[in-house]
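Observations on the three-dimensional arrangement
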Amino acid sequence: MITLSFAAVIQEMVNKGRTVFAQQIIVETDHHYVVLFPWQGETIICIRGTDELHDWHDVNLKAWQTSFAGHKAHAGFVQAYIELYVLITRALHQLDPSSRGLRRPLVIIGHSMGGAVAQLLAYTRHNLVSQVVTFGQPRVFSPKLAKAYDRVLADKTTRIVNERDIVPCVPGALFFRHTRERLYLDGGKAKAIRWFRRTVRAIASAVPKLFGLRDWDHTMDAYRHATVKYERRTLL
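Residue positions within a chain follow its written sequence, with the count starting from 1. For this predicted model, a pLDDT threshold of at least 70 governs which residues receive local features, and a threshold of 80 or more governs which side-chain atom pairs are given and counted, while totals over whole chains, interfaces and linings are taken from all residues. In computing side-chain values, all of the structure's heavy atoms are included and hydrogens and water are not.

Overview of the pairing of strand 6 (residues 106–111)
The cut-off we apply is this: Relative accessibility decides the category of a residue: with a 1.4 Å probe and only protein chains considered, values under 20% of the type maximum give buried, values over 50% give exposed, and everything between is partly exposed. Runs of H or I in DSSP of at least four residues are treated as helices and runs of E of at least two as strands, each being numbered from the N terminus. Any two strands between which DSSP finds at least two bridges are classified as paired. Place the viewer so that the strands point away; then a crossover is right-handed whenever the path from the first strand over the helix to the second strand goes clockwise.
Extensive coverage of strand 6 is indicated by the burial of 6 of its 6 residues. What you see with strand 6 is no split at all: Leu106, Ile108 and Gly110 on one side and Val107, Ile109 and His111 on the other are buried throughout. As judged from the 6 bridges shared by strand 6 and strand 7 (residues 129–135), these two strands associate in the parallel manner. Along strand 7, the bridge assignment pairs Ile109 with Val133. Crossover handedness for the path strand 6 to helix 4 (residues 113–124) to strand 7: right-handed.

As structure tokens, then:
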């Protein structure tokens, strides 16, 4: 287990392509960038979020349902999961060539698209997962699959959402659902707020951002600042 602020720092470093740990292994494809490294008897897997415009076209905008683990999930994110699964399994074995490398507890972190892929990966390896932390992830599961995820991983998952970040509001809630455990942050303060009200606020907040009048609440820098402030308040 790691703190949420530590997870945020790791995620920001991965998003910027910085070295997190001397023994890290990088898994990289045209659309995805993942860093794995050992930490206190566990393996941390951190998945970068959307990086280029073609990531939106080739992954994020494939917002229809496809089969996944006996249920349905977002087609673009399932495609990303399939591209990464074998590569991540090989990297886990590379970290520890003995069979222990594939049995170590997993801490899985992801931002934006990376958060969606992190939850797909966590669900298929839920027997090994000790913690899942995502920042600003879009919806990925069908309603039935979201409930199935919650049955096995709700108490191990923290889905962090900046209140005025519009990305967690998509794709639409008619066919896709978030998992239950979430932490809404507004300037580092935890808030309980209904999803419809938060969606309206996020859309209203997005307009000035499009014209460069406000910073995007979806950036990992914004999430790191909010998460660090939140943990400082909870420790005082």
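So, the pattern of salt bridges
We apply this condition: Here a salt bridge means any side-chain nitrogen of Lys or Arg lying within 4 Å of a carboxyl oxygen belonging to Asp or Glu.
Tallied over the full model, the rule gives 5 salt bridges. With a closest N to O distance of 2.2 Å, Glu12 and Arg224 form a salt bridge. Taken together, the residues span a long stretch of sequence, with Glu12 in helix 1 (residues 4–15) and Arg224 in helix 7 (residues 220–235) at a distance of 212 residues. Of the residues examined, Arg224 reaches a relative accessible area of 22% and is grouped as partly exposed.

Description of the nonpolar core
Operational definition: Put simply, buried Ala, Val, Leu, Ile, Met, Phe, Trp, Tyr and Cys residues joined by side-chain atoms within 4.5 Å make one nonpolar core. When checking whether two residues touch, look at their non-hydrogen atoms; a contact exists if any pair is within 4.5 Å.
Ranked by internal contacts, the top residues of the largest apolar core, which has 35 residues, are Val34, Leu36, Ile45, Phe68, Ile88 and Leu120. Elements that contribute at least two residues to this core include exactly strand 1 (25–28), strand 2 (33–39), strand 3 (42–47), helix 3 (75–95), strand 6, helix 4, strand 7 and helix 5 (143–153). Discounting chain neighbours no more than four positions away, the residues touching Leu120 are Phe68, Ala73, Phe77, Val78, Tyr81, Val140 and Phe141. Formed by 24 residues, the second largest nonpolar core is a distinct cluster that contains Cys46, Tyr184, Leu185 and Tyr230.

So, the packing of aromatic side chains
The cut-off we apply is this: The aromatic pairing rule takes the rings of Phe, Tyr and Trp, using the six-membered ring of Trp, and pairs them if the centres are within 6.5 Å, calling planes under 30 degrees apart stacked, those over 60 edge-to-face and the rest tilted.
One pass over the full model with this rule turns up 8 aromatic pairs. Centre to centre, the rings of Phe21 and Trp39 are 6.4 Å apart; their planes meet at 80 degrees, and the pair counts as edge-to-face. Placement of the pair is Phe21 in the loop between helix 1 and strand 1 and Trp39 in strand 2, with a sequence separation of 18 residues. Using a relative accessible area of 26% as the deciding quantity, one classes Trp39 as partly exposed. Ring geometry for Phe135 versus Tyr223: centroids 6.1 Å apart, planes at 70 degrees, classification edge-to-face. Highlighted residues: Phe135 in strand 7 and Tyr223 in helix 7, separated in sequence by 88 residues. Judged by relative accessible area, Phe135 falls into the buried class, the value being 0%.

Some details on the packing of helix 1 against helix 7
Condition: In this analysis, axes come from line fits to C-alpha atoms, helices being fitted only over the stretch in contact, and the angle between any two N-to-C directions falls in the range 0 to 180 degrees. Angular relationships are summarised with four words: roughly parallel below 35 degrees, roughly antiparallel beyond 145, roughly perpendicular across 65 to 115, and oblique for the angles in between. Put simply, a crossing is left-handed when the front helix is turned counterclockwise from the back one by less than a right angle, and right-handed when it is turned clockwise. Three categories are distinguished: nonpolar for Ala, Val, Leu, Ile, Met, Phe, Trp, Tyr, Cys and Pro, charged for Asp, Glu, Lys and Arg, and polar for the others, with Gly belonging to the last.
Running from N to C, helix 1 and helix 7 point in directions that differ by 165 degrees, and their axes come no closer than 8 Å. Considering the angle they form, helix 1 stands roughly antiparallel to helix 7. For the crossing formed where helix 1 meets helix 7, the hand is left-handed. Between helix 1 and helix 7, the contacting residues are Leu4, Ser5, Ala8, Val9, Gln11, Glu12 and Asn15 on the first element and Met220, Asp221, Arg224, Thr227, Val228, Tyr230 and Glu231 on the second. Of the residues belonging to the contact of helix 1 with helix 7, the class tally is 6 nonpolar, 4 polar and 4 charged.

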